[in-house]
Structures are given as C-alpha cells and as structure tokens.
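Fold and geometry: a report
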Amino acid sequence: MKNEKPVVVLTRRWPESVEAELAEQYTLIRNATDEAFTADELTEALTQADAVCPTVTDGLTADVFAAAAQKGIRAKLLANFGVGYNHIDLASAQAHGLSITNTPGVLTAATAEIAMTLLLMCARRTGEGERLIRNGDWQGWHPTHMLSTQVTGKTLGIVGMGRIGSALARQAHHGFGMRIIYSSRTPLPESVALELGAEFLPLNEVLAAADFVSLHCPATPETRNLIDAQALAGMRKEAILINTARGDVVVESDLIQALKNSVIAGAGLDVYAHEPSVPDELQGMEQVVLLPHMGSGTQETRQAMGRCAMANLHAYFANRPLPNAIG
Ligand code: DGY
C-alpha cells in the first residue's frame, strides 16, 4: 500500500531552502500570495491539513477553532514559525486536540541585536541624523550639533530575563560597560547573574533606576498592558523604552501620551499593538525609532526558525517527543 505524505499548510512563505526540504517529505500547501491568512483561510487550513504552520500574523482565535470544528478539524499539530505564540488561543487549540510547538533559542541573538540597535539609535539620535542628511538639511559639524546621550556606562533595566533578555544583558554589560538591573518571573542562577553583572529588583525599582528599559517578557495575560501610564510615570524623565517583545505588553496610547508630555525621553519599537498599523502620532515623533517587527529577520535566523519548526513536524509524524512543545 502506498504511504501518503502528511499534508502540511504553511500560512506564509518560508525561506526557499526550508520549503524545498519540507516539500520532499510532506504534501506542502504554500501561500502563493504570501498575504496574511484570513480567519476563513485559517479555518480551511485546519480542516484540510494534518499540520498547520502558523506565524505571528495568524489570529488563531477560539472562533476560528470553533468554525473549523463544525466542518471537522483534521490538523493535529500547530508548528508555529516563531517563539511568541500569543496569536494562538492555546486553550481552544488544546481542547480541539491539537499539539502546539514554537521555535525558541534560534532567534535569541538576532532579536537581542535589534534591541541593542534600537537602544543605540534612540540614544545617539541616528534616525534623526540620517533623515537630516537625506533631507539635504545638514549644515556641517559644529560643537553643539545634535547632541545625544552616551550609552556606555549607563544603567539598563531588563524586564523579562529569559534567553533574549540575557543575550542583551551580555552585549550591554560586556560591550558597553552597562550596569544591568532586571525584573523577571525567575531570578537568574547566581553564576549567570555574576557573569552579566545583573541585579534582580522589583519591577518598579527597575523602572525607577534605569536609563534604558528593554522589554523581553512574553505576551501573556499577566504581562498584557504591563507598561501603562503608571509604569511610565515611574520611569526617569531621561529614560528610553525599548520594545522588541510584543505590542500587547505596552498600552500604546499611554506611551504616546508619555512621549508627548516628556514623561520619558524616547522609545525604540519593533512591535505594536495592532500590527502592521503604527499610530500616526508615533510616526510624527523625532524621539521615537520605529522598526517593522524585524527582530528575528536575518537570513540565518529565519532559516533556523524554519528548520526548528520542521524538526517539530518530523518528530510529530515519527511519533517522537516534540522538541519544542508548548503547554
Ligand atoms: C517571534 O518569533 O516571536 C517573532 O516575533 C515573530 O513571531
């Protein structure tokens, strides 16, 4: 009897080499337009494939699972392309018998690089400087031109000291001589804290003491809206907020007000509450650096993410334990 290949849906285009490898082992349904799936398309995918590989642009809500269940859910695995999975209603997915995996570890360095990029860009006003030249407005060097804030030796507050927070702490402490303070669900083991020169403090003390606050906690019900007007008011007037985690962690309207009223000095953002929409008010602010959710966006990392998701698919269809099971 012929062995049918499992059917796998990729909701977005993946790096070519990974898609090619996948196509050898699976009947691959690709998203030819590479546009984000609608709720109907996600429902359809759950009913037509053995595994669906979603990503951050796919709202896998309770309603999507309920609609798919009416037609009959065929999928047994959601192999998410990405470490964050707040776009998936885990309880509904599990209630409908799906296993879920993600891609932790492989995007740590790339995301920490983008956090450091934002931190440096905000502090040193490099976005503004670039715009000045491109607009033809540079009048030449002078001693008081575009003065900015030095990063070296300053205090970095990290909220969420997981893999990415620790990687940023390492770069900041060893590369820029920064003092590291952090708040996290779990304190670092002593030897790691020592290596990073990192001091564990309650969140309000981190916010109050840091020159830069960088967010690295996952988006969960507990961290949703963690950085609101009150938290922002607890930061230093000169402080800069960096967010490469998830837009949900910050109350975007409170951040806009805090920037408008100089409650804090600036912000570097890679993630937003309603991507890809970025509020006009933020776009109009010179003290803000805005990137289009590109933390993990290197060739190397996106391939590694694809391979990590693929390893989870292979394990599932070979009846082996899932390397990166969630929940
Ligand atoms: C991640 O892996 O969480 C990235 O933000 C893309 O989803």
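A few points on the structure. (Residues numbered from 1 in each chain as written. Predicted model: local features only at pLDDT ≥ 70, side-chain atom pairs only at ≥ 80, totals over all residues. Heavy atoms only, no water.)

1. Structural notes on the environment of Q299
- Assignment of secondary structure puts Q299 in helix α13 (residues 299-317).
- With a relative accessible area of 62%, Q299 lands in the exposed category.
- For the pair Q299 and W138, spaced 161 residues apart in sequence, the C-alpha separation works out to 34 Å. (Helix = DSSP H or I, 4+ residues; strand = E, 2+ residues; numbered from the N terminus. Buried < 20%, exposed > 50% of the residue type's maximum accessible area, 1.4 Å probe, protein only.)

2. Structural notes on the packing of helix α5 (residues 108-124) against helix α7 (residues 163-176)
- Contact pair α5 / α7: the axes reach a minimum separation of 8 Å and the direction vectors enclose 55°. When the axis of α5 is compared with that of α7, the two are oblique. Crossing hand, α5 versus α7: right-handed. Mapping the contact onto sequence places T108, A109, T111, A112, E113, A115, M116 and L120 in α5 and R163, I164, A167, L168, Q171, A172 and F176 in α7.
- Taken together, the residues that form the contact of α5 with α7 break down as 10 nonpolar, three polar and two charged. (Axes fitted to C-alpha atoms, helices over the stretch in contact; angles between N-to-C directions. Parallel < 35°, antiparallel > 145°, perpendicular 65-115°, else oblique. Left-handed = near helix turned anticlockwise from the far one by under 90°. Contact = heavy atoms within 4.5 Å. Nonpolar A, V, L, I, M, F, W, Y, C, P; charged D, E, K, R; others polar.)

3. Points about the site of the ligand
- Residues in contact with the ligand, as listed here, are V56, G82, V83, G84, L107, R246, H293 and M305.
- Note that an oxygen atom of the ligand is positioned 2.8 Å from one of the backbone N or O atoms of G84.
- When the residues that make up the shell around the ligand are grouped by side-chain class, the tally is four nonpolar, three polar and one charged. (Near = heavy atom within 4 Å. Polar contact = N/O pair within 3.5 Å; in protein donor to acceptor, adjacent residues only side chain to side chain.)

4. Topic: the pattern of salt bridges
- Enumeration over the complete set of coordinates arrives at 14 salt bridges.
- Between R236 and E238 there is a salt bridge, with its nearest N and O atoms 3.2 Å apart.
- Of the charged contacts in the structure, one is a salt bridge between K260 and E281, with a shortest N-O distance of 2.7 Å. Of the two residues, K260 is situated in helix α11 (residues 252-260) and E281 in helix α12 (residues 280-283); the sequence distance between them amounts to 21 residues.
- According to the relative accessible area criterion, E281 is partly exposed, its value standing at 39%.
- Within this structure, R13, E19 and R30 form a network of salt bridges that share partners. (Salt bridge = Lys/Arg side-chain N within 4 Å of Asp/Glu carboxyl O.)

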